[in-house]
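# Structure assessment
Here is how the chains run, residue by residue.
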Amino acid sequence: MSAIHIWRRVRGWDKPAAVVVAAGNVLLCCVLFVMMIGGLPGFVEVTTGEQESAARTLTAQIFGCWLAGGLMIFSLMAMFRTLFSHLVTLLIPPAALIVMLLTAFLLGGDGRT
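Reading guide: rules and limits
- Residues numbered from 1 in each chain as written.
- Predicted model: local features only at pLDDT ≥ 70, side-chain atom pairs only at ≥ 80, totals over all residues.
- Heavy atoms only, no water.
- Helix = DSSP H or I, 4+ residues; strand = E, 2+ residues; numbered from the N terminus.
- Rg over C-alpha atoms; globule rule 2.2 N^0.38 Å.
- Polar contact = N/O pair within 3.5 Å; in protein donor to acceptor, adjacent residues only side chain to side chain.
- Contact = heavy atoms within 4.5 Å.
- Buried < 20%, exposed > 50% of the residue type's maximum accessible area, 1.4 Å probe, protein only.
- Salt bridge = Lys/Arg side-chain N within 4 Å of Asp/Glu carboxyl O.
- Expected span 1.5 Å × (residues − 1).
- Patch = residues over 30% accessible without salt bridge, like charges linked within 9 Å, V, L, I, M, F, W, Y side chains within 5 Å.
- Areas by Shrake-Rupley, 256 points an atom, 1.4 Å probe, with all protein chains shown as cover.
- Core = buried A, V, L, I, M, F, W, Y, C linked by side-chain atoms within 4.5 Å.

## Here's the deal with the overall build of the chain
Tallying secondary structure elements over the chain gives four helices and two strands in all. Overall, the chain shows an N-to-C arrangement of helices and strands of α-α-β-β-α-α. Taking 2.2 N^0.38 as the reference for a compact globule, 113 residues should give roughly 13 Å; the C-alpha atoms of the chain span a radius of gyration of 18 Å, well beyond that estimate. Across its three principal axes, the chain shows a C-alpha extent of roughly 65 × 35 × 20 Å.

Take a look at the structure:
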């Protein structure tokens with residue numbers, strides 16, 4: 001089997017892999033968000049400030065390694081649809097959450113009525 005044949009085969013898997021990677025990344029983002037706020041019973045139960053800090057650090061490490069690993073693997077395999085899908089599904093949800101929180105804060109949503 002030549003390298004060109006393998007490359008063509010990998011390129012054929014680019015479209016289905018993009019869908020699977022996007023779904024997996026969205027689920028991972030949800031789990032990491034719940035883990036960051038300390039609400040993953042059985043795995044991360046935050047009761048003190050130190051545990052909360054450790055949970056945030058672990059979540060950031062998992063997120064960073066997942067993002068960098070996916071970027072490296074998909075770019076080396078020349079799976080550009082999957083690479084784009086990976087970037088979009090890992091960067092858009094946290095950015096949207098930050099924008100929503102900043103908007104609520106700037107509009108004076110302090111929760112008091």
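## Observations regarding the side chain of threonine 89
Considering the arrangement of structural elements, one finds threonine 89 in helix H4 (residues 80-106). A polar atom in the side chain of threonine 89 sits 3.1 Å from the side chain of asparagine 25. For threonine 89, the side chain forms a polar contact with the main-chain oxygen of serine 85, separated by 2.8 Å. Residues within four places of threonine 89 in sequence aside, it is in contact with Ala22, Asn25, Val26 and Cys29.

## Points about the environment of valine 20
Relative to the assigned elements, valine 20 resides in helix H2 (residues 14-36). The exposed category is assigned to valine 20, whose relative accessible area is 59%.

## Focus: the pattern of salt bridges
On inspection of all chains with the given rule, the structure shows one salt bridge. With its nearest N and O atoms 2.7 Å apart, the salt bridge here joins arginine 56 to glutamate 52. Residue arginine 56 and its partner glutamate 52 are both found in helix H3 (residues 49-76); the two are separated by four residues, about one turn of the helix. Residue classification places glutamate 52 among the partly exposed positions, given a relative accessible area of 31%.

## Notes on H3
Between the first and last C-alpha of H3 there are 41 Å, a value that for 28 residues agrees with the 40 Å anticipated at 1.5 Å per step. Listed in full, the buried residues belonging to H3 are Ala55, Thr59, Leu67, Gly70 and Phe74. Where H3 ends, the next residue or the one after it, alanine 78, has phi of about 55°, a positive value.

## Some points on unusual backbone geometry
One non-glycine residue, alanine 78, lies in positive phi territory at about 55°. Turning to its location among the elements, alanine 78 is positioned in the loop between H3 and H4.

## As for a nonpolar patch on the surface
A surface patch of nonpolar side chains, about 420 Å² in accessible area, is lined by Met72, Ile73, Leu76 and Met77. We classify isoleucine 73 as partly exposed; its relative accessible area is 43%.

## Quick look at the nonpolar core
The biggest cluster of nonpolar side chains holds six residues, and these are Val10, Ala17, Val21, Phe74, Met79 and Leu83. If we ignore the near neighbours within four places in the chain, the residues touching phenylalanine 74 are Val21, Met79, Thr82, Leu83 and His86.

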